Amino acid sequence: MKKQMKTQVWHVDKHVDEKTIYTQIVDAAHLIRQGEVVAFPTETVYGLGANALSEHAVEKIFEAKGRPSDNPLIVHISDLDQLPMVAREVPEQAERVMEVFWPGPLTLILPKQMDVAERVTAGLDTVGVRLPDHQLARALIRTAGVPVAAPSANRSGRPSPTTAQHVLVDLDGRIAGVVDGGSAGVGVESTVLDVTVDPPMILRPGGITFEQLKEVLSEVTVDPAIARDTEAPRSPGMKYAHYAPQGELWVVDGEPEPARERMLELLKSASEAGLKTGVLATRETADWWKQQPSAGLVLSCGADGDLSAVARELYACLRRFDEEQVAYIVAQAFPRSGLGAAIMNRLEKAAGGRVICV
Ligand code: TXA
Ligand code: MG
């Protein structure tokens, strides 16, 4: 059993004065410089950060998360002037998207600079880099003075954390500290875009949509493995079961009426089998579901017409089913355009492929 450590929590909300915030960020940054692991908010989800130039520090991330070592990490920079510390060269198409979407939820796969720890990239010659659009994240990285490798701050396989509380549920006692800056913004992770190939390829859908990228790059493709589970994905992290609640999750995709019928059938047989059931619904459908005795715990995740609200609330809902020990969960599907591509990608992974099309 790994020795437990005391996990420090720095509360940095808008009611705290700037001097206190500054002292707290300096404390957290100091720990990163010392080779410790610290969780912090970004505009997507909470990240688990360590000095990207230190093998030893990065190793602690894998240990704390229980993450497979062949899954590379994203390196976060505070400002563009840190980019040469991480990337060997920046292709022209990378510059174009950086100009429009950085700071923001877009990770670029670039040729790796030698100084980046081997463990960060799992031995690959490329590195994922991102400039987050979050003042606390950037202040922390700037103060640490080193690029910060950071995966999502969850135990491997669990839904990503969108609050410091979620981080503590998974990692209390396993990491040096967490900067609590309130809820993360977008709610799903950054888009991973490989700009070492021409045309650039989306390896993971996320906060910056295909449609947005298409407007800036004349051509952009999507890793075929995202749509078809049979191909080996180019982004190593995409092959793992992920984001999963403890209960068995089923996603039902199709027209509202038949989808609802099918969801109801599944819930009835699950509750007849004595399982505690739950439904991932939306503001529009939650009331109807609450009237169905077999539905169990009904959680409303955003609104049908507002995918950004769904993205923001998705992981918190999945975690809530775990808190209530729901054993069988049924979710409706969402449109796959815009942010819906990322939402459906995460839901399908969370369901471990249990998707029914009606
Ligand atoms: O929004 C985000 O991206 C969050 C916050 C904390 O920044 N981070 C995050 O990291 O989601 P993580 O480790 O959970 O996911 C990183 C993804 C994985 O799918 C990984 O395989 C891929 O990026 N990746 C990283 N480096 C890569 C590389 N060199 N080539 C291909 N894929 C890479
Ligand atoms: Mg993750």
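Residues numbered from 1 in each chain as written. Chains lettered and ligands numbered in written order. Predicted model: local features only at pLDDT ≥ 70, side-chain atom pairs only at ≥ 80, totals over all residues. Heavy atoms only, no water.

(A) Representation of the environment of Val 169. Among the secondary structure elements, Val 169 is positioned in helix 7 (residues 164-171). A relative accessible area of 56% places Val 169 in the exposed class. Between the alpha carbons of Val 169 and Glu 219 there is a distance of 42 Å; along the sequence they are 50 residues apart. With residues near it in sequence (within four places) discarded, Val 169 still touches Arg 158 and Arg 319. (Helix = DSSP H or I, 4+ residues; strand = E, 2+ residues; numbered from the N terminus. Buried < 20%, exposed > 50% of the residue type's maximum accessible area, 1.4 Å probe, protein only. Contact = heavy atoms within 4.5 Å.)

(B) Here's a closer look at the packing of helix 12 (residues 307-323) against helix 13 (residues 340-350). Put simply, helix 12 and helix 13 touch, their axes get as near as 9 Å, and they point 20 degrees apart. Considering their axes alone, helix 12 and helix 13 lie roughly parallel with respect to each other. Between helix 12 and helix 13 the crossing geometry is left-handed. Contact with helix 12, carried on its side by Leu 307, Val 310, Ala 311, Leu 314, Tyr 315 and Leu 318, involves Gly 340, Ile 343, Arg 346, Leu 347 and Ala 350 of helix 13 and no other residues of that element. (Axes fitted to C-alpha atoms, helices over the stretch in contact; angles between N-to-C directions. Parallel < 35°, antiparallel > 145°, perpendicular 65-115°, else oblique. Left-handed = near helix turned anticlockwise from the far one by under 90°.)

(C) The arrangement of helix 12 in detail. Given a rise of 1.5 Å per residue, 17 residues ought to cover 24 Å, and the 24 Å separating the end C-alpha atoms of helix 12 matches this to within 8%. Maximum bend of helix 12: about 40 degrees, positioned at Glu 313. Within the sequence span of helix 12, burial applies to Leu 307, Ala 309, Val 310, Ala 311, Leu 314, Tyr 315, Cys 317, Leu 318, Arg 319, Phe 321 and Asp 322. Looking one or two places after helix 12, you find Gln 325, whose phi comes out positive at around 50 degrees. (Expected span 1.5 Å × (residues − 1). Bend = angle between axes of the 7 residues up to and from the residue.)

(D) The environment of Val 75, seen in detail. You can see Val 75 is positioned in strand 4 (residues 74-76). For the pair Val 75 and Pro 245, spaced 170 residues apart in sequence, the C-alpha separation works out to 27 Å. The residues contacting Val 75, other than those within four sequence positions of it, are Ala 52, Val 86, Val 120, Val 127, Gly 128, Val 129, Arg 130, Pro 147, Val 148 and Ala 149.

(E) Quick peek at the pairing of strand 13 (residues 277-281). Taken across its 5 residues, strand 13 has 5 buried, putting it largely inside the fold. In the sheet, strand 13 pairs with strand 15 (residues 328-332) via 4 bridges, with the strands oriented parallel. The residue bridging Thr 277 from the neighbouring strand is Tyr 328, located in strand 15. Two strands pair when backbone bridges link them, and strand 13 and strand 14 (residues 297-300) are joined in this way by 4 bridges, in the parallel orientation. Directly across from Gly 278, in strand 14, lies its bridge partner Leu 297. (Pairing = 2+ DSSP bridges.)

(F) Quick look at the packing of aromatic side chains. By the definition in use, this model includes 2 aromatic pairs. A centroid spacing of 4.9 Å and a plane angle of 80 degrees characterise the contact between Trp 288 and Trp 289, whose relative ring orientation is edge-to-face. Look at Trp 288 and you get partly exposed, because its relative accessible area is 26%. With a relative accessible area of 2%, Trp 289 lands in the buried category. (Phe/Tyr/Trp six-rings, centres within 6.5 Å; stacked < 30°, edge-to-face > 60°.)

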